[in-house]
Amino acid sequence: DRLMNILAEEGLARLATECQVVTPCGECPGLAPPDSGGICLVDIIRSGGILLEAVRRLAPDAKTAKILIQRDEETAIPKLFYSKLPPGID
């Protein structure tokens, strides 16, 4: 659980944007966290559920989606079996 929290924090930190932070000593450059309402978390069924929960704790307003991809046994090419995406996400 702790490792997933670290990964979730690092992932969200890479979405931060530069801004000016006002402090009692003046302004300085800083980072603003991403708007969690504009993020869509995609759970790859049977592999990414634990990381999804860690990100949801940090960004509770984020939308979620689920997909299931399996390898075709004959061709070894990945095949999309299931996809449930929120409206507006292709």
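Data block above holds the structure.
These remarks concern the structure in this document. (Residues numbered from 1 in each chain as written. Predicted model: local features only at pLDDT ≥ 70, side-chain atom pairs only at ≥ 80, totals over all residues. Heavy atoms only, no water.)

### Some words on the sheet that holds strand 4 (residues 63-71)
The pairing of strands in a sheet comes from backbone hydrogen bonds and takes either a parallel or an antiparallel form.
Here is step 1 of the chain: Read across the open sheet, the three strands follow the order 3-4-5; overall the sheet is mixed. Since the sheet does not close on itself, it has two edges, and those belong to strand 3 (40-44) and strand 5 (78-84), each with one partner. Taken over all neighbouring pairs, the strand axes of this sheet differ in orientation by 30° on average, direction set aside.
Here is step 2 of the chain: The pairing of strand 3 with strand 4 spans five bridges and is parallel. Across the sheet, I44 pairs through a bridge with I67, a residue of strand 4.
Here is step 3 of the chain: Along the sheet, helix 2 (residues 49-58) makes contact with strand 3 and strand 4, crossing strand 3 at roughly 160°. (Pairing = 2+ DSSP bridges. Helix = DSSP H or I, 4+ residues; strand = E, 2+ residues; numbered from the N terminus. Axes fitted to C-alpha atoms, helices over the stretch in contact; angles between N-to-C directions. Contact = heavy atoms within 4.5 Å.)

### Describing the pairing of strand 2 (residues 26-32)
Here is step 1 of the chain: As paired strands, strand 1 (residues 17-23) and strand 2 are joined by seven bridges and run antiparallel to one another. Paired with V22 across the strands is E27, a residue of strand 2.
Here is step 2 of the chain: Here strand 1 folds back onto strand 2, and the loop between the two strands holds two residues.

### Quick word on the environment of Q20
Here is step 1 of the chain: Within the fold, Q20 resides in strand 1.
Here is step 2 of the chain: Q20 sits 32 residues away from L52 along the chain, and the two C-alpha atoms are 30 Å apart.
Here is step 3 of the chain: With near-sequence residues (within four places) excluded, Q20 lies in contact with E27, C28 and P29.
Here is step 4 of the chain: At a separation of 3.5 Å, a polar atom in the side chain of Q20 contacts the side chain of E27. (Polar contact = N/O pair within 3.5 Å; in protein donor to acceptor, adjacent residues only side chain to side chain.)

### Considerations on helix 1 (residues 2-13)
Here is step 1 of the chain: Counted at 1.5 Å a residue, the expected span for helix 1 with its 12 residues is 16 Å, and the 16 Å between its end C-alpha atoms agrees.
Here is step 2 of the chain: Along helix 1, the residues classified as buried are M4, A8 and L12. Down the axis, helix 1 shows its buried residues gathered within 65° of arc, on one side only. Turned more than 90 degrees off the buried face of helix 1, the exposed positions are R2 and L3.
Here is step 3 of the chain: The secondary structure elements touched by the buried residues of helix 1 are helix 2. (Expected span 1.5 Å × (residues − 1). Buried < 20%, exposed > 50% of the residue type's maximum accessible area, 1.4 Å probe, protein only. Arc of directions from axis to C-beta.)

### Some remarks on helix 2
Here is step 1 of the chain: Looking at helix 2, one finds that the buried residues are L52, A54 and V55. Seen from one end, helix 2 has its buried residues packed into an arc of 160°, which puts them on one side.
Here is step 2 of the chain: Where helix 2 is buried, its residues touch helix 1, strand 3 and strand 4.

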